[in-house]
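The chain contents come next:
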Amino acid sequence: MDLQTIYPFRLPRGYVDADGNLHREGQMRLATAGDELTAMRDPRVKANEGYMSILVLSRVVTSLGTLRQITPEMMEGLFIADMEYLQGMYETINKIESPQIQVTCPHCGTQFVDTINFLGAE
């Protein structure tokens, strides 16, 4: 069995860069202990613990549209819906279990477990 370490995603709104280009599709890798330790040592986190998620996400998001170097400033520029989406994805993929969710069919009421699809539909 191969370990999946890279997960594609599609942001609900998208990141708008300095040139006005919209970037929605990207990739996130599994976090390492070093990602969180490096963020914890950053003076911005010491001043504001809430900044840790910005720093960690800027390390584990490996691409966003055509952008290959993700910075904390870019993460700060995300819409709240996109930031919450990435935080949820981070928590989900870094759990030991496969990213799955319990769902109920709205038509028949049957409950089942389904794998989360981060790309979603338009």
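Refer to the structure printed above.
In what follows, the accompanying structure is described. Computed from a predicted structure; not experimentally measured.

### Structural notes on the packing of helix α3 (residues 52-60) against helix α5 (residues 80-93)
Alright, step 1. Direction vectors running N to C along α3 and α5 enclose 70 degrees, while the axes themselves pass 11 Å from each other. Between α3 and α5, the interaxial angle falls into the category roughly perpendicular. Residues Ser53, Ile54, Val56, Leu57 and Val60 of α3 pack against Met83, Leu86, Gln87 and Tyr90 of α5.

### Let's talk about the nonpolar core
Alright, step 1. The biggest cluster of nonpolar side chains holds 26 residues, and the ones touching the most others in it are Phe9, Met28, Leu57, Met75, Leu78 and Leu86.
Alright, step 2. Breaking this core down by element, the ones donating at least two residues are β1 (6-16), α3, β3 (61-64), α4 (72-76) and α5.
Alright, step 3. Considering every element that reaches this core, the biggest residue donor is α3, with six residues.

### Examining the pairing of strand β2 (residues 22-29)
Alright, step 1. Where β1 lies against β2, seven bridges are found, and the strand directions are antiparallel. Its bridge partner lying in β2, isoleucine 6 is registered against arginine 29.
Alright, step 2. Hairpin geometry of β1 and β2 is characterised by an intervening segment of five residues between the two adjacent antiparallel strands and by a positive phi of about 85 degrees at glycine 20.

### Quick word on α5
Because an α-helix completes one turn every 3.6 residues, residues spaced three or four positions apart along the sequence face the same direction.
Alright, step 1. Here α5 spans 20 Å end to end across 14 residues, near enough to the 20 Å set by a 1.5 Å rise per residue.
Alright, step 2. Along α5, the positions that sit buried rather than exposed are Asp82, Met83, Leu86, Met89, Tyr90, Thr92 and Ile93.
Alright, step 3. Buried residues in α5 make contact with β1, β2, α1 (33-41), α3, β3 and α4.

### Overview of the environment of glycine 65
Alright, step 1. Among the secondary structure elements, glycine 65 is positioned in the loop between β3 and α4.
Alright, step 2. By relative accessible area, glycine 65 is classed as partly exposed at 27%.
Alright, step 3. Along the sequence, glycine 65 and glutamine 27 sit 38 residues apart, while their C-alpha atoms lie 9.0 Å from each other.
Alright, step 4. Among residues more than four places away in sequence, those in contact with glycine 65 are His23 and Glu25.

Scoring rules and cut-offs
Residues numbered from 1 in each chain as written. Predicted model: local features only at pLDDT ≥ 70, side-chain atom pairs only at ≥ 80, totals over all residues. Heavy atoms only, no water. Axes fitted to C-alpha atoms, helices over the stretch in contact; angles between N-to-C directions. Helix = DSSP H or I, 4+ residues; strand = E, 2+ residues; numbered from the N terminus. Parallel < 35°, antiparallel > 145°, perpendicular 65-115°, else oblique. Contact = heavy atoms within 4.5 Å. Core = buried A, V, L, I, M, F, W, Y, C linked by side-chain atoms within 4.5 Å. Buried < 20%, exposed > 50% of the residue type's maximum accessible area, 1.4 Å probe, protein only. Pairing = 2+ DSSP bridges. Expected span 1.5 Å × (residues − 1).

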